[in-house]
Structures are given as structure tokens and as C-alpha cells.
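Chain by chain, the residues:
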Amino acid sequence: MTASVESEVTAYAPGSLVAARGREWVVLPESTPDFVIARPLNGDGELTAGFFPEEVVKASFPDPTGDPAELGDYADAALLRTALRIGFRGSAGPFRSLASIAVEPRAYQLVPLLLALRMDPVRLLIADDVGIGKTIESALIAKELLEQGSANGLTVLCSPALAEQWAAELRDKFALPAVTVLPSTVVRLENRRPKDRTFFEHYPVTVVSTDFIKSDARRALFLEQAPNLVIVDEAHTCVGSGVRARRLRHELLKLLAERESRHLILVTATPHSGHEDAFRQLVGVLKPHLAAVDFRDPRSRTELARHFVQRRRHDIRRFLDERTAFPGRREFLDEPYPLQADYLRLTRQVLGYARESVRTSDGGHAYRTRWWSALGLLRSVASSPAAAAATLRNRGGGAEVMTEREAEALGRATVLDETEDEPAEGADAAPAAADELLGAAQRERLTTFADAFDELRGPRKDKKLDVLIKQLKGLYADGYDTIVFCRYIPTANYLKEELVKAFRSKATVDAVTGELPPEERVARIASLTEAEGRRILVATDCLSEGVNLQDGFQAVVHYDLAWNPTRHEQREGRVDRFGQTRNIVKAVTLYGVDNGIDGIVLDVLLRKSRKIRDTTGVSVPVPERSGEVLDALFKGLLLRDGGDQLPLDLDFVDVGEPFNEAARALHAEWDKAAVAERRWRDSAERESRQVTKYAHSGLDLGEIETEVTAVRAALGSGEDVVSFTRLALSALGADVVNVGDDTFTADLTNLPGGVRQALGVSAAGDVKPVTFRPHPPVKPGERALVRTDPAVTGLARYVLDAALDRKLPKEERPARRTGVVYTTSVPLRTLLLLVRYRFHVSMPDRSRPNTTVKTLVAEDAQVIAYRGGERLPGAEAAALLAAGADGNVMPEVIEQNMDWAIRTIASLKPELDELGAEFADELQEAHRRVRKLAGAYVRGLGVTFQPHADVLGAYVYLPGGTR
């Protein structure tokens with residue numbers, strides 16, 4: 001670098017080069033005539049500094065000199081270029097965020113981003129299938145809006161169980177400093193807040209419990225201070241009727257949406273849960289007129305498509321020319337179990353009590369309350385002896401006072417597994433008291449039942465547990481780590497205790513239930529995932545939604561059938577999702593052949609759901625009147641005569657007053673059930689036809705491919721990062737050993753001190769070998785092979801800085817700025833230049849008041865080649881980076897050709913600057929193309945080249961073989 005001192009202090013344009021404090025800097029737009037803000041030339045924004053004008057002098061970037069110290073071999077150009085791209089943190093292209101995230105989005109995951117960038121403000125419903133990556137898609141949009149200045153902060157609204165997972169994703173993959181706002185954290189966060197700043201100013205990225213913030217006491221302050229970008233996870237839980245929590249959430253969303261400038265992103269895998277009215281409420285939050293449109297009308301569907309994206313796996317398994325590695329298939333096994341004689345006898349006695357409880361009520365409210373109580377009791381008996389005993393002991397305390405509507409809503413939510421609401425806190429507890437006060441004789445009878453169930457614990461008397469252990473041993477033998485889902489906390493604790501005995505040292509067993517706070521659930525899962533050997537996790541449905549478990553598990557066992565097939569899909573979706581390494585995910589369903597319940601649920605709901613999915617290719621929730629299916633079936637179970645027999649077939653007979661009317665209506669209920677089933681299939685077929693519209697026909701695939709190609713060319717792919725890290729470490733003297741697919745360990749002991757410091761390890765002395773893995777999260781002490789990992793970033797910057805420092809020994813510089821190579825890849829002498837360009841990117845700024853335009857300094861690297869005085873097409877120039885050497889080059893040939901290259905560079909300087917202006921025009925057009933529907937935003941866009949081009953490397957390719 002050469003520097004010349006100006007005769008007087010001058011203002012420095014953003015993007016210009018200056019020298020200060022012994023190094024070179026790039027001036028940033030925040031600078032003023034009185035104070036210069038700049039970041040190091042190597043792109044490290046964390047070292048941004050401020051200078052007084054008298055400290056700073058203008059600087060110019062030195063061209064390659066041809067000095068022998070700069071000479072390298074044929075691989076140096078590719079290594080240097082990759083180091084430059086990985087070091088970028090501010091792309092000049094239309095996607096500002098992609099240079100600073102620790103994940104490489106799949107091509108299909110850019111579709112919601114493209115939709116979002118065509119809106120101002122963004123109002124979008126992302127309803128992709130379970131396991132496709134909705135978190136990444138929505139966080140990617142948020143990161144882009146924050147980077148480009150359209151958002152002043154971010155709040156994610158979600159359930160408390162998912163808060164830490166969201167925060168970790170935002171921190172680890174998107175470099176967003178997220179904090180969780182929960183009842184357990186808000187006081188500590190508030191105490192740390194400076195008094196002159198609001199909560200959301202001091203914490204610009206928050207993950208907030210929806211139920212914590214929705215109350216009247218907190219909602220007003222949140223609405224006043226919340227940032228102008230909000231993501232709502234599991235948005236289907238914020239619409240619907242009948243449950244007060246859903247109504248309050250819906251009110252919160254509507255109030256958030258009233259501020260027209262607010263960006264609002266709704267995320268759910270079940271956008272309508274079988275209820276069209278609920279779906280209309282959801283899209284009506286985004287744009288009120290969408291709630292009333294006719295979705296059968298093509299024009300209305302086109303309007304909805306601007307705000308709604310929904311893909312199934314078969315839509316994106318192969319998207320453009322990219323194949324996404326979802327598991328190849330889900331393998332189902334329905335495994336029956338019989339009840340041991342004592343268990344069967346006791347279950348029949350409890351069924352008799354349940355029938356008696358329902359029949360002896362006098363109808364009305366008491367009847368429905370006892371109806372749900374009886375079904376809850378039967379569910380716990382079918383679950384485990386532990387759950388049965390807990391429920392029976394909890395039934396003597398009297399009924400909670402509630403209205404008939406509240407009793408009905410609670411019964412449906414807790415007994416029928418309705419999934420319009422996420423599993424609430426305590427939903428996995430054993431059913432509590434729901435009967436009127438019991439007399440002493442009845443209380444004693446229930447206690448006797450409970451004591452008898454206590455005697456049935458263990459695989460010898462509990463055949464369901466025995467079958468589970470056999471299934472788990474089979475999965476163990478096949479190399480599967482398994483999650484066992486059950487309905488109740490007592491069952492989960494019982495299974496953990498018994499499975500620890502059964503597997504002893506062969507597998508690590510743990511349990512996660514709703515009685516644990518969310519942070520403890522996360523910690524247990526993390527500890528189990530890191531355990532050596534096979535793993536078994538027992539979980540209630542507190543983990544059935546939103547939690548990512550594909551890294552540690554490959555199989556699911558449904559120990560307790562859910563009474564809603566959507567819940568089964570959610571459970572299996574914890575492991576059957578993007579990132580799962582097993583080609584086949586296994587799902588085992590246990591069902592009782594003689595308990596009178598499981599066969600009904602399995603045949604009527606679960607198997608039909610699978611068949612519909614196999615036939616139509618989509619999974620849809622049970623439709624709106626699906627409760628009629630189970631109502632009809634269980635009336636046949638509870639209201640029929642038959643003593644203590646447990647029917648597998650349902651017959652309907654006169655059962656006496658006050659239930660004669662119910663019995664007479666039962667055949668009509670069956671007719672309703674048949675109608676509901678037809679509606680279910682019709683809904684699935686409609687979904688399979690509509691999915692193309694929202695998958696997304698509003699975008700031209702050619703446009704998407706153009707933008708994806710441009711992004712990856714500018715920033716490098718994940719494969720580039722893996723290859724670069726391995727090659728650079730090896731070239732610097734590390735002992736690199738492959739341990740798996742794209743995973744390797746590196747012994748850093750012999751690396752130069754500067755390299756070790758860049759990698760974040762001690763600059764002297766022995767250090768432990770470091771393992772590099774392709775994706776976060778990684779274990780403590782390991783490194784992720786992503787561009788934003790500090791070790792990868794540090795290595796890239798070291799390689800670039802070392803190439804520019806001719807004073808360093810040769811062995812400490814893995815890449816060189818010049819080279820001459822013989823290769824059969826060229827017909828004539830060809831000059832390849834690695835050129836860095838800087839640009840000003842101007843865009844509308846809605847994140848700060850009284851500011852209309854935000855100017856950013858961005859960089860881009862170009863590979864430019866000349867042959868016979870003509871510039872080669874970009875693709876042909878880039879292909880030369882992979883050209884191999886086909887012969888040795890004599891020193892005099894090197895010297896002669898490098899002299900020619902240096903003279904040629906000097907003559908090309910004006911053309912290289914002209915190309916910079918052309919590249920700026922192309923980038924500006926890319927910005928406008930991406931945002932073409934956001935008219936006001938497009939009018940504020942501009943990209944201009946900041947002279948001059950920096951020639952980082954010059955490489956001469958000579959035709960022919962060995963010389």
C-alpha cells in the first residue's frame with residue numbers, strides 16, 4: 001500500500017481508501033468532515049474505528065509487482081479468490097444479508113425472500129410443510145430487512161417452549177443478538193436496561209412468549225414500543241374461536257397489523273387446521289380484504305399468492321437443479337399389543353365405572369362434563385398403569401366451576417388432541433378432577449382401582465411396555481436413535497424408569513415433559529444428543545411442535561395414540577425434516593387390540609390420514625366437523641349396553657332415558673361422520689391442486705435461478721468453504737485428517753502464531769486438535785464450516801492479508817498474488833486478474849426517523865480474463881480457476897511473462913474502472929428486478945462504483961504441456 005499526505009485536511013468519500021495507525025482502511029458513510037469512520041481494508045467490521053481528519057491520509061492499493069516473493073503456483077488464484085469472497089460482509093447484490101449468515105439457504109428457501117422484497121411493507125404468510133425450513137426462511141427475510149435498513153429491530157412471538165430454540169437460531173445462524181423475553185427472564189433484562197432507552201431499543205432483537213405479552217397489562221406497552229418487524233411462529237394458534245387464549249392472541253396480531261408500516265411475517269405448517277374461517281382470519285391479519293375474497297376465483301387466488309407461500313416436500317425435493325436431502329421415505333409400522341389378563345380385567349372394571357358415571361348424570365352440563373371426564377379416564381388407563389393410578393387418585397377433589405362452553409372447549413382440547421392450539425402448559429398432566437364431589441364409597445372404589453394399577457407396573461404385567469422394549473431393541477440393532485412420544489407426564493416418567501432398567505449401559509435414556517421449564521428441556525435434549533452411543537428420548541407432546549430433533553434422532557414411537565392425526569404428523573416431523581441424515585425415518589405406532597379405543601382411532605383417523613397423504617401427496621388436518629367422527633364413535637363405546645365388554649365393533653341400542661334421544665340420533669351422527677370424512681378427502685384433493693399456485697407460480701423460475709446463481713458466484717458455496725479451510729490449513733502446516741463427510745480434524749500445533757491467533761487459539765504452546773464440521777450447531781471447542789464462523793473468517797482474512805505482505809516467509813503465505821502456469825486449458829496466452837470493486841448502495845431507510853436514504857459501502861470480487869487483447873466471457877474466465885498445471889515453467893519464462901502482465905495491468909486500469917461502472921449498473925438492475933413490485937422502494941435504489949478497482953492478483957496461463 002502506498003500513501004500520500006494531502007496538503008490540507010479533506011473530506012473522504014465513503015468507500016475511499018485511507019491510511020491511519022499503521023494500516024489501511026475503507027471510509028464508511030457514517031463519516032463526517034470532522035470525524036472519519038472506517039473499517040479495516042480486510043473487511044472486519046468488528047474493528048471499525050473513528051479518526052480525527054488529521055490522523056488520516058489518502059491511500060491507494062498497490063498492483064502486483066511480479067516480485068518473486070509474490071509468485072505462487074496454479075492453485076493460488078482460486079485460494080485467494082475464495083478467501084476474498086469468504087471475507088466479504090457487505091454484498092453489493094440485492095441480498096445484503098447472505099454474506100453475514102452462517103447457513104447456505106437452499107434455492108427454494110429464497111422464494112419467500114423474493115416475495116418479501118417485492119412488498120413494502122412485508123406482509124407474508126409462510127405455510128411450508130413440516131421440516132422444510134420455515135424458521136430459516138422467515139429469519140432470512142428478517143435479516144435482510146435489518147441489513148438494508150427497512151427494519152429497526154425484530155421481535156419473534158412464539159410459545160415459551162420454542163423461545164430458546166428461536167434465539168439460538170437467530171444468534172448462531174444469523175448473527176442477530178437475540179434475547180428471550182419470558183416470565184423467568186424479563187426482570188433480569190429490565191434491570192440491565194439503561195433508563196434513557198426503551199426496552200426494545202436496548203434489546204433490538206427479542207424472542208417473546210406470545211402468552212406472556214398478550215395480557216392487557218403488557219400488551220399496550222408492547223404495541224407502543226415494539227419494533228417494526230414481527231415474526232409470529234405457529235400463527236395458527238392465534239386464530240379460531242372458543243378458547244380465550246386464541247382470541248387474545250388474535251387481538252394482539254390485529255393491533256400489531258394496524259400500524260401500516262410494520263412488517264409482519266406469519267409462520268405455520270397448518271394455516272387453516274381444517275377450518276376455512278380460521279384461515280380467513282389469518283390472512284385477514286395481513287390484509288383485511290383477503291379475509292373476504294373468493295378463493296375459487298383465479299384473480300383472488302393471484303392476489304392471495306402475493307402474500308402466501310406454501311410448499312410440500314414433493315414441490316421442492318428437486319427445485320431448479322438442486323436436490324434437497326429430505327429423508328427418502330417414512331416407514332410405518334403399526335404394532336399391536338394385548339392386555340395382560342389382570343390389566344384387561346381392571347380396564348373393563350374402569351370402563352364400567354365410566355359408563356356408569358355418564359349414565360347417572362341428569363343430562364345437560366353435568367352430562368358433558370362427565371362425558372369428557374370418562375374419556376379422559378379411559379385415555380389414561382390406555383396410556384400406562386402410572387397414568388391410570390394418577391388420574392384415579394386425582395378424581396376425588398370436586399369439579400372446577402366452569403360454564404358448559406368452557407367445559408366443552410377444555411374437554412376437546414385436552415381429550416381429543418385438537419391442534420388449533422399448541423400443547424398448553426400442563427396439557428400433559430394426568431386428567432384431574434372433573435366429577436362432582438364423590439362419596440366415601442366411590443372414593444374408596446377409585447383408590448382401590450389406583451392401588452391395583454400400581455401393581456401392574458413393569459414389562460411382565462404391562463404388555464404395552466413389553467412390546468415397546470422389543471421395538472426399541474429392534475431399532476437399536478438397526479442403528480436408530482428413537483423418540484418415544486406419550487400423552488401424560490406420569491407415563492413419561494414411568495417409561496424412563498423402566499427403559500433405564502431395560503437398556504442399562506446399552507443406551508442413554510432421558511425424558512422431557514411439560515413439568516420442566518423450557519430452558520431445562522433444551523438442556524436435556526442437548527445433553528442427550530451429545531451422548532455417545534445410542535439414545536432414547538421419552539417425551540410428551542410438549543415437544544411435538546416446532547422443536548428440531550433431526551440431529552440426534554431418526555425414529556419415532558407413538559406409545560400413546562394421539563386422537564388427531566395432525567399430532568402424529570407433528571411428532572414425526574421432529575425428525576423427518578431437512579437435515580436428517582438417514583434416508584429412511586421410522587415411525588412405529590403401538591395400539592391395543594382389546595382396549596376398545598385404539599382400534600377406533602387407528603382405523604378411522606390415523607390410517608385414513610396416511611392413505612390421503614399417500615394418494616394426494618399432501619397432509620391436511622382433520623376438517624372442521626371432525627369432532628363428530630369421534631363423538632359418534634365414542635358414544636357407541638360409552639352409551640351401549642354390554643357390561644364390561646370392550647367392543648371392537650360398535651352397535652347402537654336403546655340405552656334408556658335420558659339417553660334414548662342420543663341413541664336414536666347416533667345413526668345420524670354416523671352419517672355426519674361419513675360426511676366429515678368425505679370433506680377431509682375433498683380438502684386434501686383441493687390442497688394438492690392449489691399447492692402449485694402457492695409454490696410459487698407468482699415468480700419466474702428463471703428469475704430465481706438467475707439470482708441464486710449470482711449470489712453463490714459472489715459469496716462462494718458451502719463446498720467452497722469446506723475446500724478452502726482444508727486446503728489453507730494444510731498449506732500452512734496443519735495436520736488435517738478426514739473423519740467423515742466434509743468433517744475433519746486439524747492439529748494446529750505447528751501453525752505460525754499469526755495463523756493460530758486468527759483461528760482463535762493460543763498463539764504459542766500445544767493445543768488440542770480442532771474438529772471442523774459442515775453445519776452449526778457444533779460441540780464446544782469445535783468449529784462450523786460456514787463463512788461466519790470466527791475461525792473460518794479469521795483464516796480467510798489471514799490468507800488475504802498474508803498474500804499482500806511480502807515480508808512474511810513463504811511458508812506463512814498459502815496464497816500468492818501472481819503466478820505463471822502451463823496448461824492445456826488455454827489455446828493462447830491468457831491473463832487472469834482477480835479484481836476487487838467497491839460500491840455505494842443507496843436505499844430507502846425506514847429504520848430511522850427523518851432519514852430517507854441509507855448509503856452502504858459494499859464490495860464485490862470479479863475474475864476478469866484477457867486473451868489476444870479481448871476480454872473473455874465471465875464464465876470462461878471463472879473456469880480458469882480450476883485449470884491444472886501441465887508442465888514446469890522455467891524462471892526466465894516466468895520473469896518474461898510477469899513483466900508482460902504488469903505492463904498490461906497498467907494499460908487496463910481505465911477499462912477496469914469502466915467495468916466497475918458497468919458492474920454497478922448490473923447490480924442496480926438486479927436490485928430493481930428483485931423488488932420490481934415495491935414501487936416506492938425501487939425509486940429510492942441506486943448503486944454506484946467507487947473508483948478505483950483493486951487488482952489483487954494477476955496470473956498468466958500459457959498453452960501447452962511440459963516444457
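Residues numbered from 1 in each chain as written. Predicted model: local features only at pLDDT ≥ 70, side-chain atom pairs only at ≥ 80, totals over all residues. Heavy atoms only, no water.

**Q** Explain the environment of Asn564 to me, using residue names and the numbers behind them.
**A** Considering the arrangement of structural elements, one finds Asn564 in the loop between β21 (555-558) and α21 (565-573). When the C-alpha positions of Asn564 and Leu602 are compared, they lie 9.9 Å apart, and in sequence the two are 38 residues distant. (Helix = DSSP H or I, 4+ residues; strand = E, 2+ residues; numbered from the N terminus.)

**Q** I'd like to hear about the pairing of strand β28 (residues 830-844), residue by residue, with values.
**A** For β28, the buried fraction is high: 14 of the 15 residues fall into the buried class. Pairing of β28 with strand β31 (residues 942-959) involves twelve bridges; the strand directions are antiparallel. Its bridge partner lying in β31, His840 is registered against Thr944. (Buried < 20%, exposed > 50% of the residue type's maximum accessible area, 1.4 Å probe, protein only. Pairing = 2+ DSSP bridges.)

**Q** Any chance you could break down the sheet that holds strand β23 (residues 735-740) for me, citing the residues and the numbers?
**A** In space, the four strands of this open sheet follow the order β23-β24-β25-β26, with mixed pairing throughout. Looking at strand neighbours, the two that pair on one side only are β23 and β26 (783-784), the edges of this open sheet. Inspection of the sheet shows strand β24 (residues 743-747) paired to strand β25 (residues 770-773) by three bridges, in the antiparallel sense. Of the residues in β25, the one forming a bridge with Ala746 is Val770. The strands touched by helix α27 (residues 718-731) within the sheet are β23, β24 and β25, with β24 carrying the most contacts at an inclination of about 20 degrees. (Contact = heavy atoms within 4.5 Å. Axes fitted to C-alpha atoms, helices over the stretch in contact; angles between N-to-C directions.)

**Q** Tell me about the nonpolar core, and name the residues and values.
**A** Counting residues in each nonpolar core, the largest one holds 65 residues, and the members touching the most others are Leu154, Leu170, Val207, Leu537 and Leu543. With seven residues, the top contributor of residues to this core is helix α3 (residues 134-148). Counting 58 residues, the second largest nonpolar core, distinct from the first, contains Leu28, Leu80, Leu748 and Val863. (Core = buried A, V, L, I, M, F, W, Y, C linked by side-chain atoms within 4.5 Å.)

**Q** Please provide a residue-by-residue account of helix α17 (residues 440-454), values included.
**A** For α17, built from 15 residues, the straight-helix expectation of 21 Å at 1.5 Å per residue is met to within 8% by its first-to-last C-alpha distance of 21 Å. Taken residue by residue, α17 has Leu446, Phe449, Ala450 and Phe453 as its buried positions. Down the axis of α17, the sector holding all buried residues measures 95 degrees, keeping them to one side. Across α17 from its buried face, at more than 90 degrees, point the exposed residues Ala440, Ala441 and Glu444. (Expected span 1.5 Å × (residues − 1). Arc of directions from axis to C-beta.)

**Q** I'd like a description of the packing of helix α18 (residues 463-477) against helix α19 (residues 489-503), backed by residues and values.
**A** Where α18 meets α19, the axes come as close as 11 Å, and the angle between the chain directions of the two elements is 55 degrees. By the angle between their directions, the pair α18 and α19 is classed as oblique. Helix-helix and strand crossings are classified by hand; for α18 and α19 the assignment is right-handed. From α18, Leu465, Leu468, Ile469, Leu472 and Lys473 reach across to α19, where they touch Tyr494, Leu495, Glu498, Leu499, Ala502 and Phe503. Taken together, the residues of the contact of α18 with α19 sort by class into nine nonpolar, no polar and two charged. (Parallel < 35°, antiparallel > 145°, perpendicular 65-115°, else oblique. Left-handed = near helix turned anticlockwise from the far one by under 90°. Nonpolar A, V, L, I, M, F, W, Y, C, P; charged D, E, K, R; others polar.)

**Q** Now, about unusual backbone geometry: what can you tell me, with residues and values included?
**A** In this model, Asp120 is joined to Pro121 through a cis peptide bond whose omega is 5 degrees. Positionally, Pro121 belongs in the loop between α2 (110-116) and β8 (123-126). Even without being glycine, Glu234 reaches a positive phi, approximately 45 degrees. In this structure, Glu234 sits in the loop between β12 (229-232) and α9 (244-257). Assessed through its relative accessible area of 11%, Glu234 is described here as buried. In this structure, Arg504 is a non-glycine residue whose phi angle is positive, near 45 degrees. Structurally, Arg504 can be placed in the loop between α19 and β19 (507-512).

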